[in-house]
Amino acid sequence: MTSTEEGGAVGGPDRRTALQLAATVAVSGMLATGAGVPSSASAVAEPSAAEGPTPAVQAGAGTDELAHYYRFWEIVQGRRLVKTHGYWSFDGPEIPFDPREVYRLIENPDTRQLAKGSAAREASEQCDRAYTEMLRTLNRVFDGHPQELLRAQQQMEVLGQQARALTRIPSSPGAKTVLAPAFQLAEDA
C-alpha cells in the first residue's frame, strides 16, 4: 500500500472512499465529453509533482475539457489542472471535499449474497447484466469491430445509471450502508 492508500497524503479513509465514488461519477462525464475514445486519447506519462508540468490530453479538438485520466488526477491531487505557458499543472482551485457527501457503500458487494426475489437483488442483477453486455461489446470493439464503440459508450451510460440506482438502496433493513455495483458477470446475459 502507498501512503496515499493508507490515508496519508490524500486525507484518510473517508477521502479514499470519496475518490472511489468520484471516479465512478467521473465516468458519466467521460461519456458526455467523449474522453478516452481513440480520437481524443493519447498515451502520456503519469503526472507527478516531481516531474513538473505535464502536457494535458484534451477530450476533443476545440474543447477545454480534460480527458478522464487527468480528471481523475485532479481528484487525487485535490486541485484543478490549469494551463500555464502551454503546460498543465495542479495549481488551480482546490477541489472541495465534504465527507457528508460520501456514500457509505457496502464493502465487497456480491449480488449472490442478496435475497433471491428482493428488489435489491433484482437491481444488482440488472447492473451485472449491463456490465456483462458492456464488456462483451468492448471485446467486440477491440476484436475488429470499432464501429461498436458508440454502442459500448451507450451501455456505459446505462451501467452508470444502474450503479447510481443501487446507491439509493440500503444494504439491509436499517443499515447505514447502501448497495454498490458488484461488477460480476451475469450468467443469463
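A.B. asks: Describe unusual backbone geometry, listing the residues and the values that go with them.
C.D. replies: Residues other than glycine seldom take positive phi values, yet N108 does so here, at roughly 50°. Mapped onto the elements, N108 comes out in the loop between β2 (87-89) and α3 (119-141). Its relative accessible area of 68% is what places N108 among the exposed residues. A positive phi angle, near 50°, is found at F183, a position not held by glycine.

A.B. asks: Describe the packing of aromatic side chains, naming the residues involved and giving the relevant values.
C.D. replies: Scanning the entire structure with this criterion turns up one aromatic pair. Between the aromatic rings of Y131 and F183, the centroid separation amounts to 5.2 Å while the plane-to-plane angle is 65°, which identifies the pairing as edge-to-face. With Y131 in helix α3 and F183 in the segment after α4 (149-166), the pair connects residues that are 52 residues apart, well separated along the chain.

A.B. asks: Could you give an account of the pattern of salt bridges, with specific residues and numbers?
C.D. replies: Opposite charge on two side chains lets them pair, provided their charged atoms get close. Throughout the structure, instances matching the rule amount to nine salt bridges. The partner of E74 in a salt bridge is R80, with the nearest N and O atoms 3.4 Å apart. You can call E74 buried: its relative accessible area is 5%. Classification of R80 as partly exposed rests on a relative accessible area of 41%. With a shortest N-O distance of 2.8 Å, R140 and E148 are connected by a salt bridge. A relative accessible area of 12% means that E148 is categorised as buried. The structure contains a network of salt bridges with shared partners spanning R140, E148 and R151.

Here is what the cut-offs are and how they apply
Residues numbered from 1 in each chain as written. Predicted model: local features only at pLDDT ≥ 70, side-chain atom pairs only at ≥ 80, totals over all residues. Heavy atoms only, no water. Helix = DSSP H or I, 4+ residues; strand = E, 2+ residues; numbered from the N terminus. Buried < 20%, exposed > 50% of the residue type's maximum accessible area, 1.4 Å probe, protein only. Phe/Tyr/Trp six-rings, centres within 6.5 Å; stacked < 30°, edge-to-face > 60°. Salt bridge = Lys/Arg side-chain N within 4 Å of Asp/Glu carboxyl O.

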